[in-house]
Amino acid sequence: MNQDNKLWPPGVFPARFIERLRLEGGIVAPPFDADQVQPASLDLRLGDIAYRVRSSFLPGPEQTVAERIATLELHRLDLTNGAVLERGCVYLVPLQETLVLPANVSAGANPKSSTGRLDVFTRVIGDRARGFDTLPAGYHGPLYLEISPRTFPVRVRKGSRLSQMRFRVGDTRLSIEEHQALHEVETLVIDANEAVTEGVALSIDLKGEGRNGLIGFRSKRHTPVIDMDKKDALDVLDYWEPLINRGSDEFILDPEEFYILVSRESVHVPPAYAAEMVPFDPLVGEFRVHYAGFFDPGFGHSAAGGTGSRAVLEVRSREVPFLLGHGQTIGRLVYERLAEQPDRLYGSGLGSNYQAQTLKLSKHFRPFSL
């Protein structure tokens with residue numbers, strides 16, 4: 001089918017639209033893995049080569065990514081049987097998925113939750129791109145993933161899934177009035193600390209109630225390698241320092257340290273919607289609050305087993321120490337409408353790792369409690 005002649009309805013694509021897009025030639029790829037299509041996103045798979053490059057880059061309107069790699073490549077790694085990506089280095093990996101998008105369909109990408117919680121910075125790049133993680137409507141071309149481990153060395157291989165992509169038609173974000181109306185009907189946030197306006201404001205939990213005072217984790221340095229494809233394999237204390245409330249409801253973020261913290265509020269993404277965390281908001285502080293920003297339909301939804309789901313936050317302060325107080329606004333969740341009611345929800349029999357979560361590290365670690 002000629003994709004350019006097909007107009008898709010407005011909204012974020014649910015899973016069955018993504019599967020249909022592939023069948024009709026909009027996504028060119030080997031057969032999807034059984035669990036690759038999520039309720040409103042597609043996991044992207046690494047190819048068989050990683051290029052170590054001198055620096056991050058955008059190709060700009062006159063060049064392809066392959067042309068830029070040719071001038072910046074230092075060496076390459078064979079991912080067929082796995083390879084270690086070192087912290088502090090930048091790698092470019094061709095992805096197994098190529099796009100032939102219809103004229104009115106655009107795409108955006110984000111790290112998967114498990115990727116962000118390990119401080120592995122990823123961004124999708126397309127040919128002649130002017131921005132990261134965004135592919136314009138009608139994009140035809142290959143996809144590459146920039147990977148830069150910030151804290152832990154990681155092992156990846158061909159087929160590893162570190163990033164995810166959403167497909168959408170038109171302006172899908174809700175207005176202030178639409179956010180407020182949806183909150184009235186569906187309760188997007190429980191015990192909100194601010195009025196719902198351009199999304200839902202989330203604040204930080206520094207009390208640790210119900211967790212014996214555990215408020216978060218600070219990453220350790222000089223750790224063993226983490227295999228990105230192995231679940232429940234690692235001891236938390238080999239990689240993380242637990243942070244405990246010792247009577248103060250304040251905490252200072254040290255510059256360039258990486259923290260896993262949690263929202264004070266529980267959040268809810270109703271079935272007909274998706275949401276995305278604003279990754280950095282200079283109005284609330286000089287720190288990055290979230291690497292992995294996609295929240296699928298059904299996250300925190302009671303009927304999908306998600307009652308009480310918090311937002312886990314990957315936090316890295318920038319150049320100065322920054323004092324956080326309990327209940328301080330730290331990020332914002334913005335909602336988008338789906339193109340059609342989804343046929344599957346986050347958590348409902350999908351083996352979703354973070355439904356009904358409170359404070360939780362990535363799936364690679366064995367359960368931890370004080």
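For the structure, check the block above.
Structure report, in brief. These figures come from a predicted structure and were not determined experimentally.

### Quick word on the overall build of the chain
Scanning the chain from terminus to terminus reveals four helices and 27 strands. For the chain, whose C-alpha radius of gyration is 20 Å, the value lies close to the compact-globule estimate of 21 Å for 370 residues. Judged by the C-alpha coordinates and their principal axes, the chain covers about 60 × 50 × 35 Å. Counting every position in the chain, which comprises 370 residues, the buried fraction comes to 57%. Relative to all contacts within the chain whose residues are 6 or more apart in sequence, the contacts with residues 24 or more apart total 80%. By element, 48% of the accessible surface of the chain is carried by carbon and sulfur atoms, the whole surface being about 15000 Å².

### Focus on the nonpolar core
Counting 58 residues, the largest nonpolar core has Leu99, Met165, Phe167 and Trp240 as the members making the most contacts within it. The next biggest cluster of nonpolar side chains, apart from the first, holds 30 residues, and it includes Leu188, Val189, Val267 and Tyr335.

### Thoughts on the sheet that holds strand β27 (residues 329-337)
Sheet architecture is open: four strands sit in the order β16-β27-β22-β24, paired in antiparallel fashion. Of all the strands in the sheet, just β16 (200-203) and β24 (294-295) have a single pairing partner and so form its edges. Inspection of the sheet shows strand β22 (residues 273-277) paired to β24 by two bridges, in the antiparallel sense. Following the sheet pairing, Ala275 is matched in β24 by Phe295.

### Digging into unusual backbone geometry
Its identity is not glycine, yet Arg128 carries a phi of approximately 60°, on the positive side. Relative to the assigned elements, Arg128 resides in the loop between β10 (120-126) and β11 (134-135). Overall, Arg128 belongs to the partly exposed group, its relative accessible area being 43%.

### Observations concerning the sheet that holds strand β7 (residues 83-85)
Pairing is mixed in the open sheet, where three strands are placed in the order β7-β13-β18. Both outer strands of the open sheet, β7 and β18 (226-227), are each paired with one neighbouring strand and no more. With two bridges joining them, strand β13 (residues 154-156) and β18 adopt parallel strand pairing. Residue pairing across strands places Arg155 opposite Asp227, the latter belonging to β18.

### Structural notes on the environment of Tyr91
In this structure, Tyr91 sits in strand β8 (residues 90-100). Assessed through its relative accessible area of 3%, Tyr91 is described here as buried. With residues near it in sequence (within four places) discarded, Tyr91 still touches Tyr51, Arg52, Leu77, Val84, Leu85, Glu86, Leu145, Glu146, Ile147 and Pro149. Only 2.9 Å separates the side chain of Tyr91 from the backbone nitrogen of Glu86, close enough to count as a polar contact.

### Describing the pairing of strand β21 (residues 258-267)
A large share of β21 lies buried, amounting to nine of its ten residues. In this sheet, β21 lies alongside strand β15 (residues 189-190) in antiparallel orientation, the contact comprising two bridges. Counted as the bridge partner of Ile190 is Ser266 from β21. Inspection of the sheet shows strand β17 (residues 214-219) paired to β21 by two bridges, in the antiparallel sense. Each residue of the ladder has a partner; that of Arg218, found in β21, is Tyr259. Two strands pair when backbone bridges link them, and β21 and strand β25 (residues 310-317) are joined in this way by six bridges, in the antiparallel orientation. Residue Ile260 lies in a different strand from β25, and its bridge partner there is Glu314.

### Concerning the pattern of salt bridges
Taken as a whole and assessed by the stated rule, the structure comprises 29 salt bridges. In this structure, Arg161 engages Asp35 in a salt bridge whose closest nitrogen and oxygen atoms are separated by 3.0 Å. Here the residue Arg161 occupies a position in strand β14 (residues 161-169), and Asp35 occupies one in the loop between β2 (27-28) and β3 (37-38), the gap between them amounting to 126 residues. Taking the relative accessible area as the measure of exposure, Asp35 reaches 44% and is therefore partly exposed. Among the salt bridges present, the one from Arg218 reaches Glu241, with a minimum N-O distance of 3.2 Å. Residue Arg218 is located in strand β17, and its partner Glu241 is located in strand β19 (residues 240-244); the two are separated by 23 residues in the primary sequence. Through salt bridges with shared partners, a single ionic network connects Asp33, Asp35, Asp43, Arg45, Glu97, Lys112 and Arg161.

### Observations concerning the packing of aromatic side chains
One pass over the full model with this rule turns up 14 aromatic pairs. Ring centres 5.4 Å apart and planes at 80° place the aromatic pair Phe13 and Phe17 in the edge-to-face group. When its relative accessible area of 0% is taken as the criterion, Phe13 is described as buried. Cluster of aromatic residues (ring-pair linked, three or more members): Phe152, Phe217, Tyr239, Trp240, Phe258, Phe365 and Phe368. One residue, Arg123, lies across the ring of Phe132, its end atom 3.6 Å from the ring centre. For the cation-ring pair, Arg150 lies above Phe121, with the distance from its terminal atom to the ring centre recorded as 4.5 Å.

### Regarding helix α4 (residues 176-186)
Given 3.6 residues per helical turn, the α-helix brings residues three or four places apart onto the same face. All of the buried residues along α4 are His179, Leu182 and His183. An end-on view of α4 places all buried positions within 105° of arc, on one side of the element. Exposed and facing more than 90 degrees away from the buried side of α4 are Glu177, Glu184 and Val185. Looking at the packing, one finds that the buried side of α4 touches β15, β22 and β27. Among the residues trailing α4, Thr187 stands out with phi positive, at a value near 55°.

### Side note on helix α2 (residues 65-72)
Among the residues of α2, Val65, Ile69 and Leu72 are the ones counted as buried. Taken end-on, α2 shows its buried residues confined to a sector of 75°, consistent with a single buried face. Looking at the buried residues of α2, the elements they touch are β5 (49-53), β6 (73-78), β8, β10 and β12 (140-149).

Calculation criteria
Residues numbered from 1 in each chain as written. Predicted model: local features only at pLDDT ≥ 70, side-chain atom pairs only at ≥ 80, totals over all residues. Heavy atoms only, no water. Helix = DSSP H or I, 4+ residues; strand = E, 2+ residues; numbered from the N terminus. Rg over C-alpha atoms; globule rule 2.2 N^0.38 Å. Buried < 20%, exposed > 50% of the residue type's maximum accessible area, 1.4 Å probe, protein only. Contact = heavy atoms within 4.5 Å. Areas by Shrake-Rupley, 256 points an atom, 1.4 Å probe, with all protein chains shown as cover. Core = buried A, V, L, I, M, F, W, Y, C linked by side-chain atoms within 4.5 Å. Pairing = 2+ DSSP bridges. Polar contact = N/O pair within 3.5 Å; in protein donor to acceptor, adjacent residues only side chain to side chain. Salt bridge = Lys/Arg side-chain N within 4 Å of Asp/Glu carboxyl O. Phe/Tyr/Trp six-rings, centres within 6.5 Å; stacked < 30°, edge-to-face > 60°. Lys NZ or Arg CZ within 6 Å of the ring centre and 35° of its normal. Arc of directions from axis to C-beta.

These values are about where atoms sit, not about what they do.
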